[in-house]
Structures are given as structure tokens and as C-alpha cells.
Amino acid sequence: MVIREITEKDFDSLMRLYMHLHDNPFPEKDERVCSIWAGILGDKNHHIIVAEENGSIVSSCVCVMIPNLTRGQRPYALIENVITDPGYRNKGYATACLNYAREIAKGENCYKMMLLTGSKEKATLDFYEQAGYNKNDKTAFIQWL
């Protein structure tokens, strides 16, 4: 298993993995999508972490650092898009991605990491708790736009 940050050549592999996330379709590589991809790759605060097995991306998470004017001006990190290919689940890939994200956040002096999930599945919630997240300190509200 190799845990690393995404590179420009990983677009197709990542998009194939994302098809398992909320049944996302594979996007057309048009100017808009390519611009988003370039923006992510060029953003020092945006990290897409992947787990690679035998040359294939099998798991990923996104870790975004948010600059902050409170808490001693320390940033915080937001975790999103945690996904593992169904054939590779329960083997530690997502945990390794989340641990890598935590190290990035610590290196950026973040004071906290936040993760939201829409899942109500006990196994998913237990996974996040085992990864060090708790559901007791904050209440999340979402407004869909």
C-alpha cells in the first residue's frame, strides 16, 4: 500500500473511484472540469490523499485547510469525500488516508479536524470513531444549495 497525495496524472483513476461515492457519473473532461482540477492541484490548502495498491487508486479522502482568525489564528481542517473501492473495504486503506490527512493538518498547525458524513450506518459511524473522530462535541447543520 502506498499513501500519497494526488498528482496530475491521477485524474481518471480518481474519477473512477468517485463513481462509488454517491453514484457520481464520470465527468466529461471539458474546460470547466479541467479548470477545477487545475485549481485543486495548485491550491496549497487542498489535499487529495489516495491509497494505491498494485498501481491502482483504491481509497481516497480530501483534506482542506481553512485559514482562521480565531484560536490563535490557527487553521482547521475539513475532511470530505472519504471513499474506498468496495472490493478493498475493511483493509485499512481509508484509515491510512485519514491518518495521512491528520499528519498534514498537524504539520499546518491546525487546531481541529472536522468530518461530516451523511451515513447512518453503524459500521460507518464506528469506523469514523475508531479513526479518532467523535460525534459529541459539535452539531452539524447543512443547507443544500
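Scroll up to find the structure this text is about.
Rules of the game
Residues numbered from 1 in each chain as written. Predicted model: local features only at pLDDT ≥ 70, side-chain atom pairs only at ≥ 80, totals over all residues. Heavy atoms only, no water. Helix = DSSP H or I, 4+ residues; strand = E, 2+ residues; numbered from the N terminus. Buried < 20%, exposed > 50% of the residue type's maximum accessible area, 1.4 Å probe, protein only. Contact = heavy atoms within 4.5 Å. Areas by Shrake-Rupley, 256 points an atom, 1.4 Å probe, with all protein chains shown as cover. Pairing = 2+ DSSP bridges. Axes fitted to C-alpha atoms, helices over the stretch in contact; angles between N-to-C directions. Salt bridge = Lys/Arg side-chain N within 4 Å of Asp/Glu carboxyl O. Polar contact = N/O pair within 3.5 Å; in protein donor to acceptor, adjacent residues only side chain to side chain.

(A) Main features of the overall build of the protein chain. On a plain count of helices and strands, the protein chain comes out with 4 helices and 5 strands. Reading the secondary structure of the protein chain in the N-to-C direction produces β-α-α-β-β-β-α-β-α. Taking the principal axes of its C-alpha atoms as reference, the protein chain extends roughly 40 × 35 × 35 Å. Looking at the 145 residues of the protein chain, the share that counts as buried comes to 34%. Counting contacts in the protein chain only where the partners sit at least 6 residues apart, residues at least 24 apart contribute 60% of the total. For the protein chain, the computed accessible surface area is about 9,500 Å², with 51% contributed by carbon and sulfur atoms.

(B) The sheet that holds strand β4 (residues 76–84), seen in detail. With respect to topology, 5 strands assemble into an open sheet ordered β1-β2-β3-β4-β5, the strand pairing being mixed. Pairing within the sheet leaves two strands with one partner each, and these edge strands are β1 (2–5) and β5 (113–115). Geometrically, the sheet is characterised by an average inter-axis angle of 25 degrees between neighbouring strands, direction not taken into account.

(C) Just unusual backbone geometry, in detail. Although it is not a glycine, Asp23 sits at a positive phi angle of roughly 55 degrees. With respect to the helices and strands, Asp23 occurs in the loop between α1 (11–18) and α2 (31–42). Positive phi, close to 50 degrees, is recorded for Asn81, a residue that is not glycine. Within the secondary structure layout, Asn81 lies in strand β4. For Asn81, a relative accessible area of 29% gives the class partly exposed.

(D) Representation of the pattern of salt bridges in the model. Counted by the stated rule, this structure contains 6 salt bridges. Among the salt bridges present, the one from Arg4 reaches Asp10, with a minimum N-O distance of 2.7 Å. As far as the burial class goes, Arg4 and Asp10 line up, both buried. With a closest N to O distance of 3.4 Å, Lys29 and Asp12 form a salt bridge. With Lys29 in the loop between α1 and α2 and Asp12 in helix α1, the pair connects residues that are 17 residues apart, well separated along the chain. On the accessibility criterion, Lys29 (48% relative accessible area) is partly exposed. By relative accessible area, Asp12 is classed as partly exposed at 30%.

(E) Fine view of the side chain of Thr84. Mapped onto the secondary structure, Thr84 falls in strand β4. For Thr84, a relative accessible area of 9% translates into the label buried. A polar contact of 2.8 Å, which involves the side chain of Thr84, links it to the side chain of Ser59. For Thr84, the residues in contact, after removing those within four places along its chain, are Leu17, Val58, Ser59, Arg89 and Ala94.

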